[in-house]
Amino acid sequence: MSPSSASANTVEANTITKTEVVVTKTEVITTSGVSSTNKVEEKSDTKTVIKTDAGKTSAPAAKPAEAPSASSDKKKHVLIVYVGLPKKTFDAALRDATVASLEKQGCKVTVSDLMAQRFNPVLSINDIGDFDRDEFDYVEDLGAALQKGIIAEDIRKEQEKVKAADLIIFHYQTLLHDIPAILLGWLQRVLMPSFAFDVRDNRIFDDGLLKGKKAMVSISYLGPGSAWTERGILGDINVSLWPVQNGILRFCGFEVLKPQLTYDVRTMKQGDRAATLSAWGSRLDGIWKEDPMQFIKGADFDYKQGWLLKDEAISRLLYSPGAPSTGQHLGRPLPLTSKTKL
């Protein structure tokens, strides 16, 4: 069987930002009367021109895959994996603001716009060239194909972007309260065995193959944030975030930064949108100094005994205020100051 001919498109983002400073007079009502203050507002008009250049199908080079590594030069590389409409949406505005802010810092930014690329989200044996057996083993066969250099071209291109990145930002809007299928397919096809993790050698979590890189999710929600609380109809947001932050990103070795969560994107007023974009830009200004979220260390689990917490780890963690983590809650409530959400 020949390698898949599916090829991801290359997306370039050229950002033009125009900023106006407006001084307005604000009346503040106090118990002693009315006082006036001047308020300085910045209005940013950010336009991003996205060029999509469909790549030609080419046969993968028959050589062992190189180990993933971040950029060695001083300029930081950021990969934005984006799922959303290309323009005239708040998600697109968030994407454009992200590109503008990071490029202003001097970062090199690459955008993988999965919908524009028409990325194939379906994991199948077609991702492997020269496959002629009836049985398919996800770990063994994909890992071997990666080493032989017979992986589908669209996967190889995305993996090259991951190798170069110091930080990956996954931006998407939830569908049925979960990750969109096209992004889940990207995660499953691109972050494959022997590239992002290796369960056979316990190269997972703290020792994952993408160790040393940072990653985070930027998620927009149509509904109010109150729906995603312990009293809300959709439940605690920490439970929703746990599979992607711990089960995927941390599993592959990423240092996971706190998520950026934006609610009410459908009904958000223009002033609130501007404030949200400004706050996100301010956070990005200090993103490289942020400490990653804290999870229970992999060394606290016994891989030979069903990957369970060791007794000595449980004894130590029982002294922590509330549950140690969302997943390993040990039957205790989560602490009021959550370590999982922003």
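Residues numbered from 1 in each chain as written. Predicted model: local features only at pLDDT ≥ 70, side-chain atom pairs only at ≥ 80, totals over all residues. Heavy atoms only, no water.

Under an unreviewed UniProt entry, the name given to the protein is Flavodoxin-like fold domain-containing protein, and the organism recorded is Capitella teleta.

Tallying secondary structure elements over the protein gives eight helices and 10 strands in all. Every one of the 342 residues in the protein was classed for burial, and the buried ones make up 44%. For the protein, restricting intrachain contacts to residue pairs at least 6 apart in sequence, the fraction spanning at least 24 positions comes to 73%. (Helix = DSSP H or I, 4+ residues; strand = E, 2+ residues; numbered from the N terminus. Buried < 20%, exposed > 50% of the residue type's maximum accessible area, 1.4 Å probe, protein only. Contact = heavy atoms within 4.5 Å.)

Glancing now at the pattern of salt bridges. For the structure on display, the rule yields 13 salt bridges. Lys161 is the partner of Glu158 in a salt bridge, and the nearest nitrogen-oxygen pair spans 2.9 Å. Linking Glu158 with Lys161, this pair stays in helix H4 (residues 153–164), spanning three residues, or about one helical turn. For the pair Glu158 and Lys161, a shared accessibility class is recorded, and that class is buried. For the salt bridge of Asp198 with Arg200, the shortest nitrogen-to-oxygen distance reads 3.1 Å. The buried category is assigned to Asp198, whose relative accessible area is 11%. For Arg200, a relative accessible area of 44% corresponds to the partly exposed category. (Salt bridge = Lys/Arg side-chain N within 4 Å of Asp/Glu carboxyl O.)

Before going further, it helps to spend a moment on the pairing of strand S6 (residues 214–220). In terms of residue burial, S6 counts as a mostly covered element, since seven of its seven residues are buried. The alternating pattern of S6 places Lys214, Met216, Ser218 and Ser220 on one face and Ala215, Val217 and Ile219 on the opposite face, and all of these are buried. Note: strand S5 (residues 167–173) against S6, seven bridges, orientation parallel. Note on S6: the bridge partner recorded for Phe170 is Val217. As for the winding sense of the linkage, the β-α-β connection from S5 through helix H5 (residues 181–190) to S6 is right-handed. Pairing geometry for S6 and strand S7 (residues 255–256), over two bridges, is parallel. Looking at S7, one finds that Ala215 is bridged to Val256. (Pairing = 2+ DSSP bridges. Right-handed = clockwise from strand over helix to strand, strands pointing away.)

Moving on: the packing of aromatic side chains. Within the structure shown, the criterion is met by seven aromatic pairs. On the numbers, 5.2 Å between centres and 90° between planes, the contact of Phe205 with Phe251 is edge-to-face. Highlighted residues: Phe205 in the loop between H5 and S6 and Phe251 in the loop between helix H6 (237–250) and S7, separated in sequence by 46 residues. Note on accessibility: Phe205 and Phe251 belong to one class, buried. Cluster of aromatic residues (ring-pair linked, three or more members): Phe197, Phe205 and Phe251. Positioned above the aromatic ring of Trp288, the side-chain terminus of Lys76 is 5.2 Å from the ring centre. Above the plane of the ring of Tyr82 lies Arg95, whose end atom (NZ or CZ) is 4.8 Å from the centre. (Phe/Tyr/Trp six-rings, centres within 6.5 Å; stacked < 30°, edge-to-face > 60°. Lys NZ or Arg CZ within 6 Å of the ring centre and 35° of its normal.)

We now examine the layout of surface pockets. There is about 510 Å³ of room inside the second largest pocket. If you go around the second largest pocket, you meet 22 residues; those closest to its centre are Asp206, Met293, Gln294, Phe295 and Lys297. Mapped onto the lining of the second largest pocket, the elements with two or more residues apiece are S7 and helix H8 (311–317). A per-class count over the lining of the second largest pocket returns nine nonpolar, five polar and eight charged. Looking at the lining of the second largest pocket, you find at least three residues from each of domain 1 (77–294) and domain 2 (296–341). (1 Å grid on protein atoms, 1.4 Å probe; cavity = no way out; pocket = protein on both sides within 12 Å on 5 of 7 lines; lining within 4 Å. Points joined across faces, edges and corners; volume = space filled by probe spheres on them. Nonpolar A, V, L, I, M, F, W, Y, C, P; charged D, E, K, R; others polar. Domains from an automatic or database assignment.)

Structurally, Asp91 can be placed in helix H1 (residues 90–104). Despite being buried, Asp91 has no salt bridge partner; Arg273 is the closest side chain of opposite charge, sitting 8.4 Å away. In this structure the side chain of Asp91 is engaged in a polar contact, spanning 2.8 Å, whose partner is the side chain of Gln173. If we skip the residues at most four places from it in the chain, Asp91 touches Tyr82, His171, Gln173 and Ser220. (Lys, Arg positive; Asp, Glu negative; His and termini not counted. Polar contact = N/O pair within 3.5 Å; in protein donor to acceptor, adjacent residues only side chain to side chain.)

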